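# Summary of the model geometry
The primary structure of each chain is shown beneath.
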Amino acid sequence: MLNSDVNDDTMEAVDGDENANNDNDIDEKKASLWNFDPIKGNVCFCSGLHGWGFTIPTLARSLFKSKTIPMKPPLLRQYLFGDFKYNAETGKVLKWKQSGNSSGEPMFAEYALAPLWEIYEGVSQAAASVGLKSELFAHNSAQNGNTGKKTENAKILASTSGMDRVLAAIQIGSTSPGVISPQPNNSNHDDRPIPQTTDDMQRLISRLGASSESSIVSAVLRRYRPLSVSVLDAVCETGPSPAKATLELRPKVLALQDPPHQNDDFDNMQQAVHQCNPENDTVVAHVCKFASISRSAVTDPDLPSVSPDDQSSSIMMGIARVLSGTLCTGD
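Description of the structure in this document. Small disclaimer: the values here were computed from a predicted structure and weren't measured.

Rules behind the numbers
- Residues numbered from 1 in each chain as written.
- Predicted model: local features only at pLDDT ≥ 70, side-chain atom pairs only at ≥ 80, totals over all residues.
- Heavy atoms only, no water.
- Patch = residues over 30% accessible without salt bridge, like charges linked within 9 Å, V, L, I, M, F, W, Y side chains within 5 Å.
- Areas by Shrake-Rupley, 256 points an atom, 1.4 Å probe, with all protein chains shown as cover.
- Salt bridge = Lys/Arg side-chain N within 4 Å of Asp/Glu carboxyl O.
- Lys, Arg positive; Asp, Glu negative; His and termini not counted.
- Charge placed at Lys NZ, Arg CZ, Asp CG, Glu CD.
- Helix = DSSP H or I, 4+ residues; strand = E, 2+ residues; numbered from the N terminus.
- Buried < 20%, exposed > 50% of the residue type's maximum accessible area, 1.4 Å probe, protein only.
- Phe/Tyr/Trp six-rings, centres within 6.5 Å; stacked < 30°, edge-to-face > 60°.
- Lys NZ or Arg CZ within 6 Å of the ring centre and 35° of its normal.

## Some remarks on a negative patch on the surface
A cluster of acidic side chains, namely Asp-258, Asp-264, Asp-265 and Asp-267, defines a negative patch on the protein surface. With respect to the secondary-structure elements, Asp-264 resides in helix H11 (residues 264–275). Since its relative accessible area comes to 57%, Asp-264 is described here as exposed.

## Here we look at the packing of aromatic side chains
Using the criterion set out here, one finds seven aromatic pairs in the structure. When the ring of Trp-52 is compared with that of Phe-54, the centres are 6.3 Å apart and the planes differ by 15°; the resulting orientation is stacked. Residue Trp-52 shares its accessibility class with Phe-54, and that shared class is buried. Aromatic pair Tyr-79 and Phe-84: ring centres 5.1 Å apart, planes at 80°, arrangement edge-to-face. Note on Tyr-79: relative accessible area 25%, which makes it partly exposed. Grouping aromatic residues by their ring pairs yields a cluster made of Phe-45, Trp-52, Phe-54, Phe-81 and Phe-108. Directly above the aromatic system of Phe-84 lies the positively charged group of Lys-95, at a separation of 4.7 Å from the ring centroid. Taking the ring centre of Phe-54 as reference, the NZ or CZ of Arg-225 above it sits at 4.7 Å.

Printed below as a string of C-alpha cells:
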C-alpha cells in the first residue's frame, strides 16, 4: 500500500512537470510572436521624411531576384542582419570580424545601407555642383568652388555631376514591387519604375517637378525602396491572415452588434465576416473614413477623365475594409 501511494505521488509529480513544461512551451511561443527580430520581418528600417523603407525579407528577395546574390531568400535573410559578408568570387557567405584580417563590410552595411548613403551623397554632390546649399550635408555646400554662382534658377538635372552615383546605386537592392514580385507579361504594371538610364531619371525629375535636393531624394528613394510596400509586406509576413484572426486570435474585434430581434440576414452576415472569403456572395464592408480628394490626384481608370478646365474639382472618397466578398467599381 505504501509503494502504491509513493508511485501515485511520483506519477502526479511527473504529470505536474509535464504540464509545467507544456505551459512554458506555450508561453515561449506567445513571447516569440511579440519579439522584434529583423530576420523575422517584423522590423522595418525606414525614413518617414523621405518615404523609404525596407525589411530584411524584402531585401533578401530583391538581391535574389536581381541575381546579385544567388541564394534563396529564406536562407539569405539569416545572414543579412549579422556579422556575415558575401564573397562574390566564391559565392560563399563568410563570418565577418570587426578586427583582424577580415576585409570588406557586413552584408547589411554593403547591401542595405551603402546604396542609401550613396544616393544621399550623390544628390548632395549634385546640389553643391549647381551652387545650391545642401540640406543634407552642410560640408557639401561649399564644395566644387560654386558658392559664388547665382542660384536663383539653379536646378538639379539627371546629367548633373553626382547623379551618376545615384543612378548606379538604385540598380542594386531595390524593394519596389516590380523587382521583388515581378509578374509575367507586365500584368502588375509598376507605376513607379526604377530609372535605368539618365533619360529615365530626367523624365522622373521633370514629371514630378523635382529640382531641389530634398525633392529629388524623396522622388528617387520612394521608388527605390517604397515605405508603403515595406510596411504592407511586414504586415503580411508576420501577421495572421484575416480569416485566422477573426476565428482564433481576435474573434470579438470584428463582431457585429447584435440586433434587438432575431434576424436571419444578420446571422448570415456575421458568419460571412468570420469566414472572410472573397468569393462569398454576401458582401460586407466597413467604411471608416470619408475624405475630400482633388480629382486630378485620382488615377482610377474606371472614372471619367478630367478636362483641363476642371483640374480644381474634388470628389469624396471613402477608406474602407472589405470584410466579406468582393467590391468592384459600380457596386
